[in-house]
Amino acid sequence: MMLVYPQVASVDVSGPLEVFGLANFLTGQRLYQPITASVDGVPVPVAGGFLKLEPTCSCADLPDRIDTLLVAGGPGCFAASEDAALLAWLQRLEPRCARMGSVCTGSTVLLSSGVVEGRKIATHWLEAMRLQSEPGLATEVDRDAIFVQSGKFWTSAGMMAGVDLALALIERDQGRALALDIARFMVLVLRRDGGQSQFSSQLLAEATEDPQIRKVQSRIWEDPGGDLSLESLATVAGMSKRSLGRRFAAVTGTTLSQYIEDVRLNIARRLLEVSTQRMEMIAFKAGFGTTTSMRRAFARRLGVSPNQYRKNFGSAEQGPGRTPRIEDGLRMDLENLVNGKSAW
């Protein structure tokens, strides 16, 4: 069953439930009984306001034993995580569930209820960023995993990862063959290459307000393949090497070497997405120097090769001669997204 609340993301609800429904459809057997429930059984508006979901029942009408209870995500998760009635129901239902979990930011509601304390969870990469700043969080958040199992708790990353989670549950229950059949029917792969880091923005902060650190960041962006040694960048900042290392980490929350690799990855990713340039040229422009260095960075940080990343996100319509700018197109309002204040 899927627990819903106002401003839930419709795909978080329908995506996983569709997978369970297809298990019944493709086998001709009633393997699962997908249902939705809200606290009071009243229809809830989805995020975006384009429809209302009419739950199958209220929480009070749920059976004594529940095979799987998932909490859907969406921008309404923040209000839901402060809803005393909803949280109380989660606490009461937890002992009755053989499995419990969440889709996307439904993890935030689970966290507020306390039922996953001490467990490892997955969530949307943006929500993982916000949770990292939460003081005293007693739950480990895996920023990269598509889904995580920790005991009886199953949690997924953002939105469509709920489908991955449902396929994994069916593979556990009914075997790999049926899970593969469902994936083929849905025109999906059963296992994605890499984690959700390949979908996230690796460079999450704009240039800092600190003028000396900003000079260093600008130099790295302007010449990612140039001399970016600590000595050279300290000269740019007008600081000692030791002072630069300390202040850069304090201001940005990351090390210089990590930031340099972040910049190079972002440039390479953008070139792979919007151009058909050769890998050697992309590695050079991004500052990696060689395709081997670029391939190692992609494998270590994103869990995929540059070729696989281009296959996932590249556009065949882009001409080979186009040199994209990093700032092309609309940009995500990351600050408000992380804080749950952006429009849906």
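Residues numbered from 1 in each chain as written. Predicted model: local features only at pLDDT ≥ 70, side-chain atom pairs only at ≥ 80, totals over all residues. Heavy atoms only, no water.

Caption draft 1: Focus on a negative patch on the surface. Taken together, E222, D223, D227 and E231 make up a surface patch of like negative charges. Tracing the sequence through the fold places E222 in helix α8 (residues 211-222). Relative accessible area serves as the criterion here: at 64%, E222 is assigned to the exposed category. (Patch = residues over 30% accessible without salt bridge, like charges linked within 9 Å, V, L, I, M, F, W, Y side chains within 5 Å. Areas by Shrake-Rupley, 256 points an atom, 1.4 Å probe, with all protein chains shown as cover. Salt bridge = Lys/Arg side-chain N within 4 Å of Asp/Glu carboxyl O. Lys, Arg positive; Asp, Glu negative; His and termini not counted. Charge placed at Lys NZ, Arg CZ, Asp CG, Glu CD. Helix = DSSP H or I, 4+ residues; strand = E, 2+ residues; numbered from the N terminus. Buried < 20%, exposed > 50% of the residue type's maximum accessible area, 1.4 Å probe, protein only.)

Caption draft 2: A look at the pattern of salt bridges. Tallied over the full model, the rule gives 13 salt bridges. Ionic pairing is found between D142 and K120, a salt bridge with its closest N-O pair at 3.6 Å. Of this pair, D142 sits in strand β9 (residues 140-142) while K120 is found in strand β8 (residues 120-122), placing the two residues 22 residues apart along the sequence. A relative accessible area of 33% places K120 in the partly exposed class. For R247, the salt bridge identified is with D210, shortest N-O distance 3.6 Å. You can see R247 sitting in helix α10 (residues 241-252) and its partner D210 sitting in the loop between α7 (176-185) and α8, a full 37 residues away along the chain. Judged by its relative accessible area of 31%, R247 falls in the partly exposed class. Taking the relative accessible area as the measure of exposure, D210 reaches 17% and is therefore buried. Among the charged side chains, a salt-bridge network with shared partners connects E261, D262, R300 and R301.

Caption draft 3: Representation of the packing of aromatic side chains within the structure. One pass over the full model with this rule turns up six aromatic pairs. Ring centres of Y309 and F313 lie 4.8 Å apart, and the angle between their planes is 45°; on these two criteria the pair is classed as tilted. With Y309 and F313 both in helix α14 (residues 306-313) and four residues apart, the pair spans about one turn of that helix. Through a chain of ring-to-ring contacts, the aromatic side chains of F298, Y309 and F313 assemble into a single cluster. It is R92 that lies over the ring of W89; its NZ or CZ is 4.2 Å from the centre. (Phe/Tyr/Trp six-rings, centres within 6.5 Å; stacked < 30°, edge-to-face > 60°. Lys NZ or Arg CZ within 6 Å of the ring centre and 35° of its normal.)

Caption draft 4: How the structure looks around the sheet that holds strand β10 (residues 147-150). Across the sheet, which stays open at both edges, the seven strands sit in the order β5-β2-β1-β6-β7-β11-β10 with mixed pairing between neighbours. With partners counted over all chains shown, the strands left at the sheet margins are β5 (57-58) and β10, one partner each. Across two bridges, the pairing between strand β1 (residues 2-3) and strand β6 (residues 66-71) is parallel. Opposite M2, over in β6, you have L70 as the bridge partner. Against the sheet, helix α3 (residues 84-93) contacts β1, β6 and β7 (97-102), and its axis sits at roughly 150° relative to β6. (Pairing = 2+ DSSP bridges. Contact = heavy atoms within 4.5 Å. Axes fitted to C-alpha atoms, helices over the stretch in contact; angles between N-to-C directions.)

Caption draft 5: Region of interest: the packing of helix α6 (residues 161-174) against α7. Where α6 meets α7, the closest approach of the two axes is 7 Å, and the angle between their N-to-C directions is 150°. Of the residues in α7, those in contact with L167, I170, E171 and Q174 of α6 are R176, L178, A179, I182 and A183.

Caption draft 6: The arrangement of unusual backbone geometry in detail. Backbone geometry places Q7, a non-glycine residue, at a positive phi of 65°. You can see Q7 is positioned in the loop between β1 and α1 (10-27). Backbone geometry at M159 places phi at a positive 50°, although glycine is not the residue there. Tracing the sequence through the fold places M159 in the loop between β11 (153-156) and α6. On the basis of relative accessible area, M159 is assigned to the partly exposed category, the value being 28%.

Caption draft 7: Structural detail: α3. Those residues of α3 lying buried are L86, L87, W89, L90 and L93. Down the axis of α3, the buried side of the element spans an arc of 155°, and every buried residue falls inside it. Along its buried surface, α3 packs onto β1, β6, α2 (77-80), β7 and α4 (106-113). A side-chain oxygen of the first residue of α3 lies 3.0 Å from the backbone nitrogen of A85; this N-cap is D83. (Arc of directions from axis to C-beta. Polar contact = N/O pair within 3.5 Å; in protein donor to acceptor, adjacent residues only side chain to side chain.)

Caption draft 8: Spotlight on a nonpolar patch on the surface. On the surface, a nonpolar cluster with roughly 320 Å² of combined accessible area is contributed by F25, L26 and F185. The residue F185 is located in helix α7 in this model. The exposure class of F185 is partly exposed, given its relative accessible area of 46%.

Caption draft 9: Main features of the environment of M279. Looking at the secondary structure, you find M279 in helix α12 (residues 279-286). We classify M279 as buried; its relative accessible area is 14%.

Caption draft 10: Summary view of the pairing of β6. For β6, the buried fraction is high: five of the six residues fall into the buried class. Sheet topology places β6 next to β7; five bridges connect them, and they run parallel. Considered in β7, the bridge of T68 is made with R99.

Caption draft 11: Region of interest: the pairing of β7. With five of six residues buried, β7 is to be regarded as a mostly interior element. Here three bridges tie β7 to β11, and the two strands are oriented parallel to one another. Paired with G101 across the bridge in β11 is W154.

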